[in-house]
Amino acid sequence: MNRSSAGVFKMYLKDARLSVIIFWSILFAIYFLMATVMTAVGEGEVNSAGVSPMYVYMFVSGIVGLRESLPYALGMNVRRKDYFYGVMIAAFSIAACFGAFATLLAVIEEAVTGAFDVRTISFFRVAWFERVSFVGEFAAHLVFLCFFFTLGFFFSLLQKRFGAISLYALGALSIVAIFLMHLLGAWPSVFRWLLSLDSVLTFSLWLVPAVAVVAGASFLLMRRVTP
């Protein structure tokens, strides 16, 4: 990473710092509120995918981060290639931290609820990850987070390069593709393939090429985008 990319890296992390703090503060507040209510009531069950908002956060970050930082970076004569590398490294670093933190929280929650024999609270311990190791859980989180960020980043670049009509066209093509798969009877095969995957880690590994393709498409768009 050269000096220019390092500058973009630091700028992106500095801009994202406040939103990261706010995000985790809200998530913890929701968790403790739900846990307190369910403990006081003494019945019911908290079984929520508390990690799912992380994916939404990364998707939105991919969209919003570009709009806020790209004009400034290009105005400072940062090359598009250096901007792209700096942002991607920063975003993937945040994804790694999020994945590690979520995995750690799942371990802590499992230990605490097991020690107190509380089986009605499962917020960070998601059922999808029960069959994988801690390392596998972290790897799956990392891939999912990177995928959603690159997807949001690509959509934002597409809109910036070709306008909102490009997103409408992409949405229309997606609907047509879904309808064609229905006409061809392909959905049962897709569902059988998903059910054949032995764990969420295996599914996440299939997403790695998708992350590479979307990131590559974003890189090509970046070379033509204007502030």
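Here, the structure is the one placed above.
This text gives an overview of the structure that appears in the document. (Residues numbered from 1 in each chain as written. Predicted model: local features only at pLDDT ≥ 70, side-chain atom pairs only at ≥ 80, totals over all residues. Heavy atoms only, no water.)

Remarks on the environment of Phe 92
Reasoning step 1: In this structure, Phe 92 sits in helix H3 (residues 80-115).
Reasoning step 2: Measuring from C-alpha to C-alpha, the distance between Phe 92 and Val 143 comes to 9.3 Å, with 51 residues separating the pair along the chain.
Reasoning step 3: Apart from residues no more than four positions distant in its own chain, Phe 92 is found in contact with Leu 142, Cys 146, Thr 150 and Val 211. (Helix = DSSP H or I, 4+ residues; strand = E, 2+ residues; numbered from the N terminus. Contact = heavy atoms within 4.5 Å.)

Structural notes on the nonpolar core
Generally speaking, soluble globular proteins have nonpolar side chains that are buried together.
Reasoning step 1: Membership of the largest hydrophobic core comes to 55 residues, with the highest contact counts inside it found for Trp 24, Met 54, Tyr 83, Phe 98, Phe 124, Phe 153 and Met 222.
Reasoning step 2: Contributing elements (two or more residues each) for this core: helix H1 (3-41), helix H2 (52-75), H3, helix H4 (134-162) and helix H7 (200-222).
Reasoning step 3: Counting residues per element, this core draws most heavily on H3, at twelve residues.
Reasoning step 4: Filtering out sequence-adjacent residues up to four positions away, Met 222 remains in contact with Leu 66, Leu 70, Arg 80, Tyr 83, Phe 84, Phe 153 and Leu 157. (Core = buried A, V, L, I, M, F, W, Y, C linked by side-chain atoms within 4.5 Å. Buried < 20%, exposed > 50% of the residue type's maximum accessible area, 1.4 Å probe, protein only.)

Here we look at the side chain of Ser 5
Reasoning step 1: Position of Ser 5 among the secondary structure elements: in helix H1.
Reasoning step 2: At 3.1 Å, the side chain of Ser 5 and the backbone oxygen of Asp 82 are in polar contact. (Polar contact = N/O pair within 3.5 Å; in protein donor to acceptor, adjacent residues only side chain to side chain.)

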